Amino acid sequence: MLSSSVMIRRFCSFTVTASSSSAPSTITSNSKKKRLVFLGSPQVSASVLDALFNASAAQDSVFEITAIVTQPPTRRDRGRKVMPSPVAQHALDRGFPSDLIFTPVKAGEEAFLSNFKALEPELCVTAAYGNILPTKFLNIPSKGTVNIHPSLLPLYRGAAPVQRALQDGVKETGVSLAYTVRKLDAGPVIALERVTVDDQIKAPDLLDLLFALGSKLLIRELPSIFDGSASGRAKEQDDSKATLAPKITPEESWLSFDEDAQVLHNKVRAFAGWPGTRARLMVIDPSSGESSSIELKIITTRIYTGIRSQDIEANDVLFTKGSLVIPCGGDTALEVLEVQLPGKRAVNAASFWNGLRGQILKK
């Protein structure tokens, strides 16, 4: 069986031409520099890796990126081509050696752990890696493993902290830099940054913002992490205040207009990107009385503050000032600004309404 490093090298040799002009400092190892291993997978992780590449290339840098660990290549996009993770692709684009990009299915694989230990890493940094790190892994780096987590720990521990925070309608969130322990997102917190949450921001944009802030926190704290002083001042989390952010499932994407409009608006923002939010509406032909059900992906919303929602017929969907207005529970109404029919591109509410050609829309 091929090792993880061989698999990524063989795969990339057919699909990627790495640029040597932007090669990171790790290609020519500097024994005086601290050895850092980065673990991450999605695009937000690639932004953290980019910040580390730039910092490691600085003249006064104390560290070098020794290796990268990421999820294995997967089939993506319409052509279903096998493609490396965004982190692996970004590393290759920066000229990072492909044989130092590891893609274990699980971080506890013996072959991977053997190769990883041989690197003698001093510190590991994780950012949305997507794999559980076993004790055997955590015991290897001499300075430990630190994680960029997009919440104010101990709040929203788990796989979907940004999405669950938006779903709850929080007014403040943030990003934490914490040591990794076996218990989920429960390690001592080195530093955190707070942000005010705009009531229209969606999960992908908030994720980008928080990981950008997290990158700055990480670069600022790396010297103290390497010299050991960070571990002495890191604050233990209060487990009694911990909340969980479980993984989102596709079944959660459906909207029920019996709920309050604020609940639905928060859900649309939280589930933007993936899995999105969907609703079923009825389309009625006024001349024949025939009706049919349509499924809509609800892209953008806001709370309706126009006429009182109780003045709208219970099941009627109105069109006013370029928006669909849908009555919801608790005498509230949701304003829908952008929708998408299955297999179609997203359109604004006016374009969708014009496409109905006089048909009546009901919830």
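Please refer to the structure higher up on the page.
The present account deals with the structure reproduced in this document. Counting of residues starts from 1 at the beginning of each chain's written sequence and follows it residue by residue. pLDDT decides what is reported in this predicted model: residues at 70 or higher carry local features, side-chain atom pairs at 80 or more are listed and counted, and totals for whole chains, interfaces and linings draw on all residues regardless. Only hydrogens and water are set aside when side-chain values are computed; all heavy atoms of the structure are taken into account.

### Let's talk about the overall build of the protein
Then step 1. Helix and strand definitions here come from DSSP, where helices need a minimum of 4 consecutive H or I residues and strands a minimum of 2 consecutive E residues; each element is numbered from the N-terminal end. Summing up its helical and strand segments, the protein has ten helices and 16 strands in all.
Then step 2. The rule is simple: take the accessible area with a 1.4 Å probe, protein chains only, and divide by the maximum for that residue type; under 20% is buried, over 50% is exposed, in between is partly exposed. Buried residues in the protein amount to 48% of all 363 residues.
Then step 3. When contacts within the protein are restricted to residue pairs at least 6 apart in sequence, long-range pairs at least 24 apart make up 69% of them. Residues are treated as being in contact if the distance between any of their heavy atoms lies within 4.5 Å.

### Focus: the packing of aromatic side chains
Note on aromatic pairs: each is described by the distance of the centres and the angle between the planes.
Then step 1. Each pair of aromatic rings taken from Phe, Tyr and Trp, with Trp reduced to its six-membered ring, is defined by centres within 6.5 Å and is described as stacked if the planes are under 30 degrees apart, edge-to-face if over 60, and tilted in the remaining cases. Scanning the entire structure with this criterion turns up seven aromatic pairs.
Then step 2. On the numbers, 6.4 Å between centres and 25° between planes, the contact of phenylalanine 63 with phenylalanine 226 is stacked. Within this pair, whereas phenylalanine 63 is found in strand β2 (residues 63-69), its partner phenylalanine 226 is found in helix α7 (residues 203-227), the two being separated by 163 residues in sequence.
Then step 3. Through a chain of ring-to-ring contacts, the aromatic side chains of Phe102, Phe112, Phe116 and Phe137 assemble into a single cluster.

### Some thoughts on the sheet that holds strand β5 (residues 101-102)
Then step 1. What makes two strands pair is DSSP finding at least two bridges between them. Read across the open sheet, the seven strands follow the order β5-β2-β1-β6-β7-β8-β9; overall the sheet is mixed. On the outer flanks of this sheet lie β5 and β9 (189-196), each paired with one strand and no other.
Then step 2. Sheet topology note: the strand β6 (residues 123-127)/strand β7 (residues 145-149) ladder contains three bridges and is parallel. Counted as the bridge partner of threonine 126 is asparagine 147 from β7.

### Re the packing of helix α2 (residues 43-56) against helix α3 (residues 86-93)
Describing two packed helices takes the angle between their axes plus the distance from one axis to the other.
Then step 1. What counts as an axis is a line fitted to C-alpha atoms, over the stretch in contact for a helix, and the angles between N-to-C directions run from 0 to 180 degrees. For the pair α2 and α3, interaxial distance at closest approach is 8 Å and the crossing angle is 30°. Between α2 and α3 lies a crossing of right-handed hand. Contact with α2, carried on its side by Gln43, Ser45, Ala46, Leu49, Asp50 and Phe53, involves Pro86, Val87, His90 and Ala91 of α3 and no other residues of that element.
Then step 2. Three classes are used: nonpolar for Ala, Val, Leu, Ile, Met, Phe, Trp, Tyr, Cys and Pro, charged for Asp, Glu, Lys and Arg, and polar for all others, with Gly counted as polar. Classifying every residue of the contact of α2 with α3 by side-chain character gives six nonpolar, three polar and one charged. Two helices crossing with the near one rotated counterclockwise from the far one by less than a right angle form a left-handed crossing, whereas a clockwise rotation gives a right-handed crossing.

### Side note on the pairing of strand β10 (residues 277-284)
Then step 1. Where burial is concerned, the two faces of β10 differ: the one with Thr277, Ala279, Leu281 and Val283 is buried and the one with Arg278, Arg280, Met282 and Ile284 is not.
Then step 2. Two strands pair when backbone bridges link them, and β10 and strand β11 (residues 291-303) are joined in this way by eight bridges, in the antiparallel orientation. Directly across from isoleucine 284, in β11, lies its bridge partner serine 291.

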